[in-house]
4 protein chains.
Amino acid sequence: MARAKSPEKRQAILQAAAREIAASGLGASTAKIAKGADVAEGTLFTYFASKDELFNELYLELKGEVYRRINAEFPYKATLQVRARHVWTESLNWSIERPEERKASVQLGVSDVVTVATRERIGSQQRGAVEETLGEIAARGVFKDLPPGFAASAMGAMQDAVIDTVARKPRQKAVLVEKGFDAFWRMAK
Amino acid sequence: MARAKSPEKRQAILQAAAREIAASGLGASTAKIAKGADVAEGTLFTYFASKDELFNELYLELKGEVYRRINAEFPYKATLQVRARHVWTESLNWSIERPEERKASVQLGVSDVVTVATRERIGSQQRGAVEETLGEIAARGVFKDLPPGFAASAMGAMQDAVIDTVARKPRQKAVLVEKGFDAFWRMAK
Amino acid sequence: MARAKSPEKRQAILQAAAREIAASGLGASTAKIAKGADVAEGTLFTYFASKDELFNELYLELKGEVYRRINAEFPYKATLQVRARHVWTESLNWSIERPEERKASVQLGVSDVVTVATRERIGSQQRGAVEETLGEIAARGVFKDLPPGFAASAMGAMQDAVIDTVARKPRQKAVLVEKGFDAFWRMAK
Amino acid sequence: MARAKSPEKRQAILQAAAREIAASGLGASTAKIAKGADVAEGTLFTYFASKDELFNELYLELKGEVYRRINAEFPYKATLQVRARHVWTESLNWSIERPEERKASVQLGVSDVVTVATRERIGSQQRGAVEETLGEIAARGVFKDLPPGFAASAMGAMQDAVIDTVARKPRQKAVLVEKGFDAFWRMAK
DNA sequence: GATGAATGAGGTTTCATTCAT
DNA sequence: TATGAATGAAACCTCATTCAT
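Under an unreviewed UniProt entry, the name given to chain A is AcrR family transcriptional regulator, and the organism recorded is Granulicella aggregans.

If you want it as structure tokens, here you go:
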């Protein structure tokens, strides 16, 4: 049998793609990505049929990482506030700890290369606990007068605000994450 | 004497740029933008030295439009809540009424083509009333424990949440704008 | 006004394309064609939207050249045999005098890049006299028992035989052209 | 001991090559050919050292098929006309029955990938009876005033005319093959 | 100032061939 | 021998920018 496709190489390409997108936007060239992953230009295309497919897979990968992180050690039995804080903190920390991945994720998110199909594939697997938690929040506070989904959007939005501020005041990271949640929670209370 | 540069043409190019960015991202070609503005390819470069300059000017223009709209009929003498609601409503309506401009604005915002210098130039003109209002909000509620600037980020972020939701439920636009503000205001109260 | 598109450049590209196709087949690269025409790689695409379009236009051009040559000084009033010999001789001489053009024409003819639409466009202009002559031939000799179009195919085919033979015995060119027609004419008599 | 090379696989590759060339010209990729033959990409190169070698072998194979068909049941003792008609009919039927092989054969024939050496190798094996027959024809009718080889070219050329016409009028296949020969024979009589 | 032809670097993707398995 | 992943040169084409008109 011939050489097997190497998961490490696939991963290296995805990581390089995230790095390049963070550095130069969606215009990042496949040539640079390949070089960044230390593979030949052509090799990229044995792992991903096209640049678009690579970008869609990357988006999935990045979103998946966050969900995996949240689900690990999820406090299923705790109060809503504790669970909400867990979701908030874990996803926020991921964004702050991996700024390149986050930047790539945002760029992909607002662009048209990520298809609806890709967006729909996200989390149908283990979005479970997060969705359940957000669903409970949506039934409370101001959110109960607003369409379902708004609470989730609002949490994401408030996290963006925290991230932006952390970028300007990195020292206050811990406080921002905590107080940021308190701010968000005011809406849910 | 040579012909003078026409402000109409400049405007047409900026509008076409916004349209093209909304349609195909920052990869939008100068050729298409020029065609969209009904001018020759080369003409674009007599109004803007480079694609990057065009995009920076566009960003400024788009942000400026929002500020101009907020400042028109600004209720200087009203209570903070009334003023805040004005800011919220006017900027949000702009985004909802002009989806292409907003999409372009977001894409430019998350990209690196818009320089720090450009971002700093924003509103140094007439941001006045908005800044004053947001400053007052920043000193209240949860925001007073958070760095200055967080309140502004939070409002922008919450507006994004509203816009996303309006995109999915256009019928509820009016309610969303109003209740969205109520949600935001809970944090400031 | 800007520079006008130069017919000379267009012609140079077409000629270079014929040369390159003769030399290396339809795989001839646009880069080499451009270089052969002494224009930049990109320039080729301001004259022809794609390689395929260039090749289709070239096919048209080559076929057109032959028809133009035949129609010049066409002996409209002469006997059928004289007119047929005129068609035979002129088109054959074109092929023999311009071996590269002919080679390109043949390669294009048997390939799929030349579309049906292109083939249909040929000669609808001035194919006139040729068609009329071939039509008369088709009604005579062995051809009258065969479908219309067969006579034309047969003439072309017999010319190919002559060209092949001239390639091997260039000295006998004149005799081959003449006796070749006599051979063909035997079928029409 | 190592496995022996399988003649079936070799044959499958040649057939797939013919099919692919018919479908997409000489640009047909070795990868597609391999897939069409149901072997791995690399396997193709254990049977043929290069794409060019494969194409040369294919040309030989295709020409060989025709000769084999003609030689089977060749009426050695019959009159010249009967023998000539046999050559005509058998080779023509092969072309008509196997359009892909013929198309590939033509494309290869007009291209430069098939070397002179390959062309010379053809039929040195069993071209015997055909050559003898064509030799006799070359000494008769109009052909006796033309170089040797012209008769053969002429027969091939007239067959092309028949094939072209059959492609347009498939119903008349039988008549075209027969009357086509009559047309050709007029030149030899 | 306005135009759009001209440019050539750079983009994505394909491909013949090699070679580890 | 068979496989198909790996390679990087080269293919076609796009594009920001320049400049003759």
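**Focus: the packing of aromatic side chains**
Applying the stated criterion to the full structure yields 28 aromatic pairs over all chains. Plain terms: the ring middles of B:Trp88 and B:Phe181 are 6.0 Å apart, the flat faces sit at 65 degrees to each other, and that makes the pair edge-to-face. Here the residue B:Trp88 occupies a position in helix H5 (residues 80-97), and B:Phe181 occupies one in helix H10 (residues 173-188), the gap between them amounting to 93 residues. Aromatic rings pair up to connect A:Trp88, A:Phe143, A:Phe150, A:Phe181, A:Phe184 and A:Trp185 into one cluster. Directly above the aromatic system of B:Tyr59 lies the positively charged group of B:Arg119, at a separation of 5.8 Å from the ring centroid. It is D:Lys5 that lies over the ring of D:Tyr47; its NZ or CZ is 5.9 Å from the centre.

**A word on the relation of the copies chain D and chain C**
It takes a turn of 180 degrees to lay chain D on chain C, together with a shift of 0.0 Å along the axis; the resulting RMSD is 0.2 Å. Seen this way, the second copy is the image of the first under a two-fold rotation axis. Relative to the rotation axis, the closest C-alpha in chain D is found at D:Ala157, a distance of 2.3 Å.

**Digging into the interface of chain A and chain B**
Between chain A and chain B, the contact holds 35 residues from the first and 36 residues from the second. Here chain A packs against chain B, burying approximately 2,800 Å² in sum over the two surfaces, 66% of which is carbon and sulfur. If you sort the residues of chain A by the area they bury against chain B, A:Val110, A:Phe150 and A:Arg186 come out on top, with a joint share of 21%. Counting every contact that joins chain A to chain B gives 2 salt bridges. Residue B:Asp112 pairs with A:Lys103 through a salt bridge whose shortest N-O separation is 3.1 Å. Sorting the residues of the side of chain A that touches chain B by element identifies helix H1 (7-24), helix H6 (99-110), helix H9 (150-168) and helix H10 (173-188) of chain A as the ones contributing at least two each. Ranked by residues supplied to the side of chain A that touches chain B, first place goes to H9(A) with 10 residues.

**What to know about the UniProt feature "domain: HTH tetR-type" (unreviewed entry) in chain A**
Mapped onto the present numbering, the UniProt feature "domain: HTH tetR-type" (unreviewed entry) falls on residues 7-66 of chain A. As annotated, residues 7-66 of chain A has a helix share of 82% and a strand share of 0%, and its two end C-alpha atoms lie 20 Å apart.

**Some remarks on the side chain of B:Ser95**
Its place among the elements puts B:Ser95 in helix H5. In contact with B:Ser95, other than residues within four places in its own chain, are B:Arg102 and B:Ile163.

**Quick word on the relation of the copies chain A and chain B**
For these two chains of identical sequence, chain A goes onto chain B by a turn of 179 degrees and a shift of 0.0 Å along the axis, with RMSD 0.2 Å. Most of the interface of chain A is mirrored in chain B, where 100% of its interface residues are also at the interface.

**Observations regarding the UniProt feature "DNA-binding region" (unreviewed entry) in chain A**
Per the UniProt record, "DNA-binding region" (unreviewed entry) is annotated on residues 29-48 of chain A. Annotated as residues 29-48 of chain A, this span is 75% helix and 0% strand, and its ends, taken at the C-alpha atoms, are 14 Å apart.

**Regarding the interface of chain D and chain C**
With 36 residues of chain D at the contact, the number on the chain C side is 36 residues. Summed over both sides, the interface of chain D with chain C buries roughly 2,700 Å², with 66% coming from carbon and sulfur. Among the residues of chain D in contact with chain C, D:Val110, D:Phe150 and D:Arg186 are the three that bury the most area, contributing 21% of the side total. Linking chain D with chain C are 2 salt bridges, by the criterion used here. In this structure, the connection of chain D to chain C is made through 5 residue pairs in polar contact (both at pLDDT 80 or more). Examining the composition of the side of chain D that touches chain C, we find that 10 residues originate from one element, helix H9 (residues 150-168) of chain D, more than from any other. In the side of chain D that touches chain C, the residues fall into 18 nonpolar, 8 polar and 10 charged.

**Digging into the pattern of salt bridges**
Residues and elements named next belong to chain A. For the structure shown, the criterion picks out 40 salt bridges over all chains. Notably, a salt bridge pairs Arg 10 with Glu 57, separated by 3.4 Å at the nearest N-O pair. You can see Arg 10 sitting in helix H1 and its partner Glu 57 sitting in helix H4 (residues 51-71), a full 47 residues away along the chain. Look at the salt bridges and you will find they share partners, linking Arg 10, Glu 57 and Arg 121 into a network.

**Let's talk about the environment of A:Pro75**
Residues and elements named next belong to chain A. Among the structural elements, Pro 75 can be located in the loop between H4 and helix H5 (80-97). By relative accessible area, which is 21% here, Pro 75 ends up partly exposed. Residue contacts for Pro 75: discarding those within four places in its chain leaves Val 82, Arg 83 and His 86.

**Some details on the environment of A:Ile96**
All names here are of chain A. Positionally, Ile 96 belongs in helix H5. Separated by 16 residues in the primary sequence, Ile 96 and Asp 112 place their C-alpha atoms 25 Å from one another. Residues contacting Ile 96, with those up to four places away along its chain left out, are Ile 163, Val 166, Lys 173 and Val 177.

**Comments concerning the arrangement of the chains**
Over all C-alpha pairs, chain A and chain C never come within contact, reaching a minimum spacing of 20 Å. Considering only C-alpha positions, the minimal separation of the non-contacting chain A and chain D is 10 Å.

**Notes on unusual backbone geometry**
The phi torsion at C:Asp38 lies on the positive side, around 65 degrees, for a residue other than glycine. Within the secondary structure, C:Asp38 is located in the loop between helix H2 (30-37) and helix H3 (41-47). Owing to a relative accessible area of 71%, C:Asp38 belongs among the exposed residues under this scheme. A positive phi angle is found at D:Glu73, which is not glycine, with a value near 60 degrees. Within the fold, D:Glu73 resides in the loop between helix H4 (51-71) and helix H5 (80-97). The exposure class of D:Glu73 is exposed, given its relative accessible area of 76%.

**Things to note about the packing of H4(A) against H6(A)**
Residues and elements named next belong to chain A. Between H4 and H6, the least distance of the axes is 10 Å, while the angle of their chain directions is 125 degrees. What the angle tells us is that H4 and H6 run oblique. The chirality of how H4 crosses H6 is left-handed. Every residue of H6 that contacts H4 at Phe 55, Leu 58, Tyr 59, Leu 62 and Lys 63 is listed here: Glu 101, Ala 104, Ser 105, Leu 108 and Gly 109. Grouping the constituent residues of the contact of H4 with H6 by class yields 6 nonpolar, 2 polar and 2 charged.

**Quick look at helix H2 (residues 30-37) of chain A**
Residue and element names in this part refer to chain A. If you check which residues of H2 are buried, you get Ile 33, Ala 34 and Ala 37. Mapping the buried residues of H2 onto a view down its axis gives an arc of 100 degrees, with all of them on the same face. Seen from the buried face of H2, the exposed residues on the opposite side, beyond 90 degrees, are Lys 32 and Lys 35. Close packing links the buried residues of H2 with H1, helix H3 (41-47) and H4. Phi turns positive, to about 65 degrees, at Asp 38, one or two residues after H2.

**Some points on the side chain of B:Gln159**
All names here are of chain B. Tracing the sequence through the fold places Gln 159 in helix H9 (residues 150-168). By relative accessible area, which is 11% here, Gln 159 ends up buried. Among the polar contacts listed, one links the side chain of Gln 159 to the backbone oxygen of Trp 88, at a separation of 3.1 Å. Non-local contacts of Gln 159, meaning those with residues more than four positions away in its chain, are made with Val 87, Trp 88, Ser 91 and Leu 92.

Each value, and the rule that gives it
- Residues numbered from 1 in each chain as written.
- Chains lettered and ligands numbered in written order.
- Predicted model: local features only at pLDDT ≥ 70, side-chain atom pairs only at ≥ 80, totals over all residues.
- Heavy atoms only, no water.
- Phe/Tyr/Trp six-rings, centres within 6.5 Å; stacked < 30°, edge-to-face > 60°.
- Helix = DSSP H or I, 4+ residues; strand = E, 2+ residues; numbered from the N terminus.
- Lys NZ or Arg CZ within 6 Å of the ring centre and 35° of its normal.
- Least-squares fit on C-alpha atoms with pLDDT ≥ 70 in both.
- Contact = heavy atoms within 4.5 Å.
- Buried area = accessible area lost by both parts, 1.4 Å probe.
- Salt bridge = Lys/Arg side-chain N within 4 Å of Asp/Glu carboxyl O.
- UniProt positions renumbered as here; feature names shortened; annotations may be inferred.
- Polar contact = N/O pair within 3.5 Å; in protein donor to acceptor, adjacent residues only side chain to side chain.
- Nonpolar A, V, L, I, M, F, W, Y, C, P; charged D, E, K, R; others polar.
- Buried < 20%, exposed > 50% of the residue type's maximum accessible area, 1.4 Å probe, protein only.
- Axes fitted to C-alpha atoms, helices over the stretch in contact; angles between N-to-C directions.
- Parallel < 35°, antiparallel > 145°, perpendicular 65-115°, else oblique.
- Left-handed = near helix turned anticlockwise from the far one by under 90°.
- Arc of directions from axis to C-beta.

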